[in-house]
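Here are the chains, one letter per residue:
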Amino acid sequence: MDIGDDFNEGKDEIRLTVDESLSSLAGVSVQSVSLAINTALQGTVSTKIKRADEEVDVRVRFPEEYRTSLSNLNKVYVNNLTGNLIPVSRLTNYTRSPGRASINHLDGKRLLTVTSNIDETVTTSRQVNLETKKAGYGIIEKYPGYTVRFSGENKDTEESMNSLLIAFGAGLIIIFMILASLFKSLGQPLIVMSAIPFAVIGVIFAFLLHGQPFSFLAFLGIVGLAGVVVNDSIVLVDCANQLRIENPNLSTFEILVEAGNIRLRAVILTTVTTVLGLLPTAYGIGGRDPFLVPMALAFGWGLAFATFITLIMVPVFYLNLYTFKEWLIASFRKVKNKRKYV
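Rules of the game
- Residues numbered from 1 in each chain as written.
- Predicted model: local features only at pLDDT ≥ 70, side-chain atom pairs only at ≥ 80, totals over all residues.
- Heavy atoms only, no water.
- 1 Å grid on protein atoms, 1.4 Å probe; cavity = no way out; pocket = protein on both sides within 12 Å on 5 of 7 lines; lining within 4 Å.
- Points joined across faces, edges and corners; volume = space filled by probe spheres on them.
- Helix = DSSP H or I, 4+ residues; strand = E, 2+ residues; numbered from the N terminus.
- Nonpolar A, V, L, I, M, F, W, Y, C, P; charged D, E, K, R; others polar.
- Buried < 20%, exposed > 50% of the residue type's maximum accessible area, 1.4 Å probe, protein only.
- Contact = heavy atoms within 4.5 Å.
- Pairing = 2+ DSSP bridges.

Caption draft 1: Molecular detail of the layout of surface pockets. Considered as a void within the structure, the largest pocket measures approximately 1,800 Å³ in volume. Lining the largest pocket are 46 residues, with Leu 112, Thr 113, Val 114, Val 148 and Arg 149 sitting closest to its centre. Looking at the lining of the largest pocket, the elements that each hand over two or more residues are strand E8 (104-106), strand E9 (109-111), strand E10 (114-115), helix H3 (125-135) and helix H4 (153-183). Top element by residues in the lining of the largest pocket is H3. It accounts for five residues. If you add up the space inside the second largest pocket, you get close to 980 Å³. In this structure, the second largest pocket is lined by 26 residues; those nearest its centre are Thr 124, Glu 153, Pro 213, Ser 215 and Phe 216. Ranked by residue count, the leading element in the lining of the second largest pocket is H4, at seven residues. Per-class residue counts for the lining of the second largest pocket are eleven nonpolar, nine polar and six charged.

The following block contains the structure:
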């Protein structure tokens with residue numbers, strides 16, 4: 001709704017068109033014709049008069065009474081290649097049409113801006129841009145030199161999303177570095193961070209279930225969720241590492257079972273209290289804020305889903321990591337002993 005553009009008509013203009021084929025036969029260039037008309041109407045500086053404190057341009061052009069009528073173009077002549085004078089009126093045609101009220105540019109190119117408002121009860125700016133691109137598909141290709149750019153709210157959202165993805169990637173790298181220094185391992189941080197994809201799955205499921213659009217604020221909630229959802233994994237992995245040090249004779253499976261028994265209550269209580277604290281904001285209990293609802297919904301459901309998956313998948317990943325590590329060490333020793341025997 002409220003569609004408009006900045007292609008507004010201005011005052012009437014007289015547009016002269018040079019007959020190039022006729023000018024070529026007469027031995028006159030288009031540039032000579034334009035210079036002759038410009039000199040007659042606007043004038044050309046022929047010389048300058050120097051005074052004590054200034055220079056005065058001497059401009060040669062038609063008198064004012066001859067510059068107000070197109071019929072006086074008959075009095076404008078231009079030299080051809082043989083030195084003969086050719087009347088400009090014989091070589092040109094003119095049309096009268098409205099000019100432009102303003103000419104805008106972007107990156108040195110002519111710009112036409114079309115604007116509109118969006119009825120957010122019916123659609124979104126992203127959906128409107130997608131439909132506009134579909135409707136205009138193939139049109140621009142027919143007009144070389146023309147390009148289309150989509151801006152407004154959709155462009156701002158895309159720029160914000162790109163910045164958010166960069167921040168999300170940087171955050172994951174920082175989390176990995178901190179966990180690697182904490183556990184003194186490159187494999188265990190990956191086990192801990194495996195909870196993040198499961199949290200994203202929970203967020204997607206929640207938004208599909210509630211019929212909510214995936215907005216920028218929802219992604220902002222996912223970024224914050226990535227730093228919280230790893231806490232449960234850290235608790236389990238750290239407990240397993242402590243048990244491995246205290247009971248070196250236990251197998252990896254027994255260590256994981258014992259770690260689960262010890263930390264289950266802490267993991268469940270931490271998640272339940274956090275989710276219950278977010279539910280009133282997510283569902284508008286006591287007051288609804290449309291800006292906070294997507295973030296709270298993503299945070300709460302993502303954390304709840306990831307916690308229960310974490311209790312199963314993190315021990316499985318931990319077991320597979322150490323099973324592979326033990327197999328690798330055994331294979332290395334076997335090869336070493338074989339070489340020693342040879």
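Picking up where we left off.
Caption draft 2: Molecular detail of the environment of Pro 294. Looking at the secondary structure, you find Pro 294 in helix H10 (residues 292-341). Judged by relative accessible area, Pro 294 falls into the buried class, the value being 10%. C-alpha separation for the pair Pro 294 and Val 58, spaced 236 residues apart in sequence, amounts to 71 Å. Non-local contacts of Pro 294, meaning those with residues more than four positions away in its chain, are made with Phe 207, Ser 215, Leu 217 and Ala 218.

Caption draft 3: Region of the structure containing the pairing of strand E3 (residues 44-50). Direction of pairing for E3 relative to strand E4 (residues 55-60): antiparallel, over a ladder of six bridges. When the bridges of E4 are listed, Ile 49 appears paired with Val 56. Where E3 hands over to E4, the hairpin turn is made up of four residues, counted between the paired strands.

Caption draft 4: Main features of unusual backbone geometry. Positioned with a positive phi, Lys 184 is a non-glycine residue whose angle comes to about 55 degrees. Among the structural elements, Lys 184 can be located in the loop between H4 and helix H5 (188-193). Looking at Lys 184, the relative accessible area reads 73%, which means it is exposed.

Caption draft 5: Highlighting the environment of Ser 151. By secondary structure assignment, the location of Ser 151 is in the loop between H3 and H4. Taking C-alpha positions, Ser 151 is 36 Å from Thr 95, a pair spaced 56 residues apart along the chain.

Caption draft 6: A look at the environment of Ser 215. Along the polypeptide, Ser 215 turns up in the loop between helix H6 (195-210) and helix H7 (216-228). The partly exposed category is assigned to Ser 215, whose relative accessible area is 25%.

Caption draft 7: Examining empty space enclosed by the protein more closely. Tallying each qualifying case throughout the model produces one cavity of 30 Å³ or more. For the largest cavity, the calculated volume is near 50 Å³. Along its surface, the largest cavity is lined by Leu 236, Val 237, Ala 240, Leu 256, Ala 259, Gly 260, Val 314, Pro 315 and Tyr 318. Counting only elements with at least two residues in the lining of the largest cavity, the list comes to helix H8 (230-246), helix H9 (252-282) and H10. When the residues that make up the lining of the largest cavity are grouped by side-chain class, the tally is eight nonpolar, one polar and no charged.

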